[in-house]
Amino acid sequence: MRLSMKLKEKEKVQQLSASNVNWPELEKKVYMQTFKRLPVTLVRGSGMKVWDSNGKEYLDFFAGLAVNCLGHCHPVVVEALTEQANTLIQTSNLFYTVPQTQLAELLVKTSCLDRVFICNSGAEANEGAIKLARRYGKLKLNGAYKVITTHESFHGRTLATTAATGQAKFQEPYIPLPNGFVNVDYSNISAIKAATDELTCAIMLEPIQGEGGVNVPDDDYLKKVRDWCNEKGILLILDEVQTGIGRTGTLFAYEQYGIEPDIMTLAKGLGGGVPIGAFLSKENVTVFKPGEHGTTFGGNPLVCSVAVAVLNYVIENNISNHVKVVGQYFVDKLKKLAAKYDCINEVRGKGLLLAIGFNADISEDVMLKCLEAGLLVNNVKPNSLRFIPPLIATDNDVDKAVEILDKVLKERK
Ligand SMILES: *Cc1c(COP(=O)(O)O)cnc(C)c1O
């Protein structure tokens, strides 16, 4: 049964490759042009590798934007997905379902938080977190509703999460945005203190800024923010959409800073490739009453059963520690590259959320040359290249990626 399915998939891929449809050309006619895409149509993936419609193979150090934590089509993901697809896919939240409750229990057991709400994406998780903080402000903080966030942050593309995202390029096209958001400098506790007033209900931060360029804050920043929140009686929301599920070398990044958030959001790695998000909260903060928040698709049996399987795999195989070890190996290799090439002036990040900084805006060019040489990496900023491979990447994969990068940089000289 499985073998014949595999054969059918292969045939389908071959047909796609053989067909003379120009997919990018067609896309340009029928799809909204909101993305700056690479000139490649991906048709298949397995483990650390993907293939395009010409049959070209790539080593994937992008992982569907830090999503495919177990690589492409991992048997744990595929089996959970197919088994649940043959059992029960969607019920709405008018009923109890087993996978949703199992996932919530697992998240509560493995984090410092007590309650879970499951949705479909990172932006939606952050929307929910903001709504919960505002509800808390209304009931417990005399109607406080303002949320302080940081410059260079990224929290999503809905209107409220765009207002939370402290980057002008995302906000400007949509002004006026929902009010109640204050953006201040990252890793700067004085800026947070100065922006806090009697209408502030929460501070929302990424433990490491991902889309903003892999920015690691000062070691004591999160602790200082936590202390400030305690002093003011306001909430700390950690957006762990990118840093969560082992990405930085612990299951959740907050564990490395000796603090606990009141609310935490997850998404990217949570489903190992399927669309899912979640926000979690401490019991005393969870002031929602029935009817005050909801979702049709969120927490459906299909994606929850995959997330349960992924999370169990990550925990049972101590993938977080693997990430710590391989991440350190990767950092050492990148530092050697930095010593060899003057154009690299920084290596930053934690675990397998890493970036190199260049002394000029060359990251797009380097990324395109890596693509040509069969390596997927991301030009997160004009002067920074980001590495977010699947968490199952080995030393050997790192060697191959660094070898390609080395070759590309040598040829650019
Ligand atoms: C990707 C990301 C989001 C948005 O997630 P979507 O699933 O694209 O809505 C929010 N916060 C952080 C930190 C992210 O990296």
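Residues numbered from 1 in each chain as written. Predicted model: local features only at pLDDT ≥ 70, side-chain atom pairs only at ≥ 80, totals over all residues. Heavy atoms only, no water.

**Q** What should I look at first to understand empty space enclosed by the protein in this one?
**A** As enumerated under the stated definition, the model contains one cavity of 30 Å³ or more in all. As a volume, the largest cavity reaches approximately 30 Å³. As for the largest cavity, its lining consists of Ala66, Cys69, Gln242, Gly244, Ile245, Arg247, Gly269 and Leu391. Here the residues of the lining of the largest cavity are counted per class, giving four nonpolar, three polar and one charged. Lining the lining of the largest cavity are residues from two domains, each supplying at least three of them: domain 1 (12–74 + 319–412) and domain 2 (88–316). (1 Å grid on protein atoms, 1.4 Å probe; cavity = no way out; pocket = protein on both sides within 12 Å on 5 of 7 lines; lining within 4 Å. Points joined across faces, edges and corners; volume = space filled by probe spheres on them. Nonpolar A, V, L, I, M, F, W, Y, C, P; charged D, E, K, R; others polar. Domains from an automatic or database assignment.)

**Q** Where do I start with the site of the ligand in this structure?
**A** Every residue near the ligand is listed here: Ser121, Gly122, Ala123, Asn126, Phe154, His155, Gly156, Glu206, Asp239, Val241, Gln242 and Lys268. At 3.1 Å, a backbone N or O of Phe154 approaches a nitrogen atom of the ligand. The separation between an oxygen atom of the ligand and a polar side-chain atom of Gln242 is 2.8 Å. When the ligand sits alone it has 380 Å² of accessible area, and the protein chains cover 82% of it. Here the shell around the ligand takes three residues from helix α6 (residues 122–140), the largest share from any one element. Class assignment of the residues belonging to the shell around the ligand gives a composition of three nonpolar, six polar and three charged. (Near = heavy atom within 4 Å. Polar contact = N/O pair within 3.5 Å; in protein donor to acceptor, adjacent residues only side chain to side chain. Areas by Shrake-Rupley, 256 points an atom, 1.4 Å probe, with all protein chains shown as cover. Helix = DSSP H or I, 4+ residues; strand = E, 2+ residues; numbered from the N terminus.)

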